[in-house]
Amino acid sequence: MAALASDAELLILDEPTSGLDPLMENVFQEEVAHAVDRGATVLLSSHILAEVENLADQLSIIRDGATVRRGTLEELRGDARTTVRATIDQDPSRLPVRGMRDVTVAGRQLTGTVAPHDLGRVMSQLAEQGIHALSVEPPSLETLFLGLYGEAQSDSDQPASAPEADR
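Heads up: these notes are all about the structure in this document.

Thoughts on helix α1 (residues 22–37)
Think of an α-helix as 3.6 residues a turn; residues three or four steps apart then line up on the same face.
Right, on to step 1. Helix length check: α1, at 16 residues, gives a terminal C-alpha distance of 23 Å against a target of 22 Å (1.5 Å per residue), a fit within 8%.
Right, on to step 2. Residues of α1 that are buried include every one of Phe28, Val32 and Ala35, and no others. What you see down the axis of α1 is that its buried residues fit within an arc of 60°, all on one side. More than 90 degrees from the buried face of α1, the exposed residues found are Pro22, Leu23 and Asp37.
Right, on to step 3. Looking at the buried positions of α1, the neighbouring elements they touch are β1 (10–14), β2 (41–45) and α2 (49–55).
Right, on to step 4. Backbone nitrogen of Leu23 and a side-chain oxygen of the N-cap are separated by 3.0 Å at the start of α1; the cap is Asp21.
Right, on to step 5. Phi turns positive one or two residues past the end of α1, at Gly39, with a value near 105°.

What follows is the structure in structure tokens.
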């Protein structure tokens, strides 16, 4: 946290919130935002992916010492599937919802994943059934990260390296 008190143009922070309680994590995030607002570049390396997701403008995922993906969170999401949960009037087990995969039904709630190009069509189909509750969650950085490392583990038996995000 002392680095954030300086006027340095470049801040390199490695696991900066390790050991901080949630209140101090919020203070840290505010201070990083102030540093960026004053024009500083912040390079943040962290295993706390929710923190990286909240702070980083640009992300780099590093595996075995090499960058395997780089971009904004939206760019990294690319064609990754979004999770959709809807509670509807109709019995969802009797409805074919074109464009949804990995569908599960619990009572009147339907949960599945949808590709970005199918999201509008799926929302229209669900709206026709009378939506009472809806949540649409794009994949988190953790989901993307685990997907990349799952691919790596199936390609080799090498352990994964840490993610790195830069701001």
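Let's talk about the sheet that holds strand β7 (residues 109–114)
Right, on to step 1. Strands sit in the order β6-β7-β5-β8 across an open sheet of 4 strands; the sheet is antiparallel. Only two strands of the sheet have a single partner each, and these edge strands are β6 (100–106) and β8 (131–137). Neighbour to neighbour, the strand axes of the sheet diverge by 15° on average, direction disregarded.
Right, on to step 2. Pairing geometry for strand β5 (residues 82–88) and β7, over 6 bridges, is antiparallel. Each residue of the ladder has a partner; that of Arg85, found in β7, is Thr111.

Let's talk about the nonpolar core
Right, on to step 1. Core analysis: the biggest nonpolar cluster contains 22 residues, and Phe28, Val32, Leu59, Ile61 and Leu141 have the highest contact counts within it.
Right, on to step 2. Of all the secondary-structure elements, those providing two or more residues to this core are β1, α1, β2, α2, β3 (58–63), α3 (73–77) and α5 (141–155).
Right, on to step 3. In terms of residue count, the dominant contributor to this core is α5 (5 residues).
Right, on to step 4. Formed by 9 residues, the second largest nonpolar core is a distinct cluster that contains Val84, Ile88, Val114 and Val122.

Focus on the pattern of salt bridges
Between side chains of opposite charge, a pair can form when the charged atoms approach closely.
Right, on to step 1. One pass over the structure, following the stated rule, counts 5 salt bridges.
Right, on to step 2. Of the charged contacts, one joins Arg77 and Glu53 as a salt bridge, the two residues approaching to 3.3 Å between their closest N and O atoms. Of the two residues, Arg77 sits in helix α3 while Glu53 sits in helix α2, which places them 24 residues apart along the sequence.
Right, on to step 3. Note on Arg77: relative accessible area 11%, which makes it buried.
Right, on to step 4. For Arg85, the salt bridge identified is with Glu137, shortest N-O distance 2.9 Å. Residue Arg85 is found in strand β5, and its partner Glu137 is found in strand β8; the two are separated by 52 residues along the sequence.

The rules we used
- Residues numbered from 1 in each chain as written.
- Predicted model: local features only at pLDDT ≥ 70, side-chain atom pairs only at ≥ 80, totals over all residues.
- Heavy atoms only, no water.
- Helix = DSSP H or I, 4+ residues; strand = E, 2+ residues; numbered from the N terminus.
- Expected span 1.5 Å × (residues − 1).
- Buried < 20%, exposed > 50% of the residue type's maximum accessible area, 1.4 Å probe, protein only.
- Arc of directions from axis to C-beta.
- Contact = heavy atoms within 4.5 Å.
- Polar contact = N/O pair within 3.5 Å; in protein donor to acceptor, adjacent residues only side chain to side chain.
- Pairing = 2+ DSSP bridges.
- Axes fitted to C-alpha atoms, helices over the stretch in contact; angles between N-to-C directions.
- Core = buried A, V, L, I, M, F, W, Y, C linked by side-chain atoms within 4.5 Å.
- Salt bridge = Lys/Arg side-chain N within 4 Å of Asp/Glu carboxyl O.

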